[in-house]
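# Descriptive structure summary
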Amino acid sequence: MSSLISTKIDFDKDGIQHGYLQLLHSVHRSAYGFIPIPIASLKNGDGPTVLLMAGNHGDEYEGQVILSNLIRTLPLDQIRGQLIILPMANFPAAEAGLRTSPIDQGNLNRSFPGVDTGTPTQQIAHYIEHTLLERADFLFDLHSGGSSLFYTPTLLFSVTSDDPHLAMKREIADAFSLPHTLYFERSDAGSFSSAAAFRKGVCSILTELAGGGTVSKGLPKLAGDGLLRSLHRIGVITSAPEAAPSKGRVFSEEASIFATEPGVYEPLADPGEDVVEGQPAALIHRTETPGREPIELFFEGKGVILAKRQGARVIRGDCLFHIGQNEEL
């Protein structure tokens, strides 16, 4: 399909190329300007083609650091195939440090399959799905909790009942070796990057790497080494760091706890903790009403906390906890 986005990167050419996707954008200060979306192509002969992206949400920084390191340090002679890397996929959002674009308020991970002549976020989604994923065998979309959530490092796989990539996803989970892995059902009809990958027959891998609007000490190396091992497992690079012997916890269901009222949220559990049904989860303090008792929330089933909300001030509907359930032993 056609796109208004262009680039000087030649995706068919061997070698290391750094550049930009140029999204035409006419505004008061720049009548004939463009939005420069960073991109790199590392290609060396035949092999798998892997699309790696971060900055899908602009306030998720860990993946941006990991992919920037990868562009800078991975030798070409260790590649067998091609890596196409978008370290700041929704560039306006990433530049501003916001989950969504300040230009059109677009959430890139709710915008697929995109619109070729739509808003900037819609155009980026369209280019990723209809140009980059057309070339790819694998998609790694590196997320984290952003400003509002903090995760224990978690690998997520969206799967279907007849998922042709399920065996490979289990191999990648073993290679990545993060503390938690969550498999959840999702179709090809959605607006997420994983749905775009399903539509194009691409094996997709998602991470949630800490967050809280910062970069945790040691996290880029932990997850960066896991990414290299995964790329080695699928055959696109020739060597990777060894993993420390460990067995991560695997879950096949998920649940969430949401704020039921506005107020100040006091968590009563942390990421990584095991919880059971009926256990106190949080208090929501109604500080604007002197003498009013806080609202008590409880966990509704057995599981492990994957993530908790960072900000204390909440409104009804804010996600407070993301929980992995139905552990595979």
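One can find the structure itself at the top, above this paragraph.
Attention in this report is confined to the structure presented alongside it. (Residues numbered from 1 in each chain as written. Predicted model: local features only at pLDDT ≥ 70, side-chain atom pairs only at ≥ 80, totals over all residues. Heavy atoms only, no water.)

### Overview of the overall build of the protein
The helix and strand tally for the protein stands at six helices and 18 strands. The C-alpha atoms of the protein give a radius of gyration of 20 Å, which matches the 20 Å a tight globule of 329 residues would have. Dimensions along the principal axes, computed over C-alpha positions, put the protein at roughly 65 × 55 × 35 Å. For the protein, with 329 residues in total, the buried portion stands at 52%. Counting contacts in the protein only where the partners sit at least 6 residues apart, residues at least 24 apart contribute 71% of the total. Accessible surface, the protein as shown: approximately 14500 Å² in total, 52% of it carbon and sulfur. (Helix = DSSP H or I, 4+ residues; strand = E, 2+ residues; numbered from the N terminus. Rg over C-alpha atoms; globule rule 2.2 N^0.38 Å. Buried < 20%, exposed > 50% of the residue type's maximum accessible area, 1.4 Å probe, protein only. Contact = heavy atoms within 4.5 Å. Areas by Shrake-Rupley, 256 points an atom, 1.4 Å probe, with all protein chains shown as cover.)

### Considerations on the environment of Leu21
Along the chain, the position of Leu21 falls in strand β2 (residues 15-27). The exposure class assigned to Leu21 is buried, which follows from its relative accessible area of 3%. When the C-alpha atoms of Leu21 and Gly212 are compared, they prove to be 29 Å apart, with 191 residues separating the residues in sequence. Excluding residues that lie within four positions of it along the chain, Leu21 makes contacts with Ile5, Ser6, Thr7, Ile35, Pro36, Ile37, Ile39, Leu86 and Tyr127.

### Looking at helix α4 (residues 166-176)
Of the positions making up α4, those classed as buried are Lys169, Ile172, Ala173, Ala175 and Phe176. For α4, the arc enclosing every buried residue in end-on projection is 165°, short of the 170-degree limit, so these residues lie on one face. Structural note: α4 exposes Ala167 and Asp174 on the side pointing more than 90 degrees away from its buried face. Where α4 is buried, its residues contact β6 (138-143), β8 (154-159), β9 (180-185), α5 (193-199), β10 (203-208) and α6 (219-233). Directly after α4, the chain includes Ser177, whose backbone phi takes a positive value near 55°. (Arc of directions from axis to C-beta.)

### Observations regarding the side chain of Asn109
Along the chain, the position of Asn109 falls in the loop between α2 (91-96) and α3 (120-135). Relative accessible area serves as the criterion here: at 7%, Asn109 is assigned to the buried category. A distance of 2.9 Å separates a polar side-chain atom of Asn109 from the backbone nitrogen of Ser193. Aside from chain neighbours lying at most four places away, what touches Asn109 is Asn56, His57, Asp141, His143, Ser191, Phe192 and Ser193. (Polar contact = N/O pair within 3.5 Å; in protein donor to acceptor, adjacent residues only side chain to side chain.)

### Quick notes on unusual backbone geometry
Following Phe112, the chain continues to Pro113 via a peptide bond in cis, the omega torsion being 10°. Looking at the secondary structure, you find Pro113 in the loop between α2 and α3. A positive phi angle, close to 60°, is found at Ala210, a residue other than glycine. Residue classification places Ala210 among the buried positions, given a relative accessible area of 3%. Of note, the phi angle at Asn326 is positive, near 55°, even though the residue is not glycine. Secondary-structure assignment places Asn326 in strand β18 (residues 319-328).

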